[in-house]
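Listed below are the residues making up each chain.
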Amino acid sequence: MDMLIAWLVRTIAFGTIIMYGALGETLTEKGGNLNLGVPGIMYLGGFSGFAGAYLYEISVANPNMVLAAVIALVCGISASMLGGLIYSFLTITLRANQNVTGLALSIFGKGVANFFGAYMLNGKIATQTNVYHVFHANIPALAKIPFIGPVLFGHGFMVYAAIILAILMNHFLKRTRAGLNLRAVGENTATADASGVNVMRYKYLATCIGAGISGLGGFCYVLDYNNGIWATTDQIEALGWLAVALVIFSTWKPLSAIWGSYLFGLLYWLYQFLPSILGLTVSSQFTDLVQMTPYVVTIVVLSITSIRKKRENQPPAALGLAYFREDR
């Protein structure tokens, strides 16, 4: 039973990280931009949030942890949005290839985070900031309820904020004028432009805000799941690519990203917990094979939606296409 609880707790923690990345990319893609730089943006969000809190803590005699949390959030979101702004300028203004730019941004974000992170580590294996206590705090009375306590209530506020964000994004895209305009830009940019929608503004805002949301995934990994410890790791990159896969798996629907992210989190740790629960011993080759499961599931879903060709399950029609106003 303890092993099953640990599996579910890890599922929700990792699912939340993936969900943030997927929600940000969903908003970006609804505007017609395909940003494959999500892993790099998550690195920027994670490292910048950590660096902001850490530098504040070491510069003040008695640091206020709430203020440190605010500083961390501002730094993390700002750095992520800056990454989105770079991508926007290159692909929207200069009309560079979106796939190549996104991949370059992914490498750039990881490189920048690890480069400056190496200076902060200064020869140490890892460096920690105490602000993680704010992000990891829960309600002890509820968290101690047998079984459901640690699974449902043993998490920090960012887990519940991700669910609320998904619900709000769904409402924005379906029920607000700005959301409908954004979807119009992603479906038929020329028609939206002809009807008076400021295409450039919507694309820039969707991409930059989407990048800020995606960056919260890396932020959540470092300052919540990893207990405020920064160490150069490839796990953020893996979760970033899972976030990109989740956008396809959820068929560009924010509400579907909620349960999809938890399914991905469950499958991600399948190799570690299921054999232990069943009392089995597995080889390293089997472990590598099982870790491919989320991507295999995404390919299956993509194949099914392509065969059925339901319009509501298809990507925005103008996704990945540079817009030339003169071609209208």
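Now for a quick tour of the structure. Fair warning: this is a prediction, and the values are worked out from it, not measured in the lab.

This paragraph deals with the overall build of the protein chain. Of the regular secondary structure elements, the protein chain holds 16 helices and two strands. For the protein chain, the spread of C-alpha atoms along the three principal axes comes to 60 × 50 × 40 Å. Here the protein chain holds 328 residues, and 49% of them are scored as buried. Look at the contacts in the protein chain between residues 6 or more apart in sequence, and 78% of them connect residues 24 or more apart. Accessible surface for the protein chain amounts to roughly 15200 Å². Of this, 67% is attributable to carbon and sulfur atoms.

This part takes up the pattern of salt bridges. Where charged atoms from two side chains of opposite charge come close, those side chains can pair. This model, assessed by the stated rule, comprises one salt bridge. When the shortest N-O distance is used, the salt bridge between K110 and E237 registers 2.8 Å. Within this pair, whereas K110 is found in helix 4 (residues 98-121), its partner E237 is found in helix 12 (residues 235-249), the two being separated by 127 residues in sequence. Residue class for E237 comes out partly exposed when judged on its relative accessible area of 24%.

Positive phi outside glycine occurs at T251, with the angle close to 50 degrees. Turning to its location among the elements, T251 is positioned in the loop between helix 12 and helix 13 (254-268). Looking at T251, the relative accessible area reads 9%, which means it is buried. Within the chain, W252 stands out as a residue other than glycine whose phi angle is a positive 60 degrees. Within the secondary structure, W252 is located in the loop between helix 12 and helix 13. Classification of W252 as buried rests on a relative accessible area of 6%.

Definitions and cut-offs
Residues numbered from 1 in each chain as written. Predicted model: local features only at pLDDT ≥ 70, side-chain atom pairs only at ≥ 80, totals over all residues. Heavy atoms only, no water. Helix = DSSP H or I, 4+ residues; strand = E, 2+ residues; numbered from the N terminus. Buried < 20%, exposed > 50% of the residue type's maximum accessible area, 1.4 Å probe, protein only. Contact = heavy atoms within 4.5 Å. Areas by Shrake-Rupley, 256 points an atom, 1.4 Å probe, with all protein chains shown as cover. Salt bridge = Lys/Arg side-chain N within 4 Å of Asp/Glu carboxyl O.

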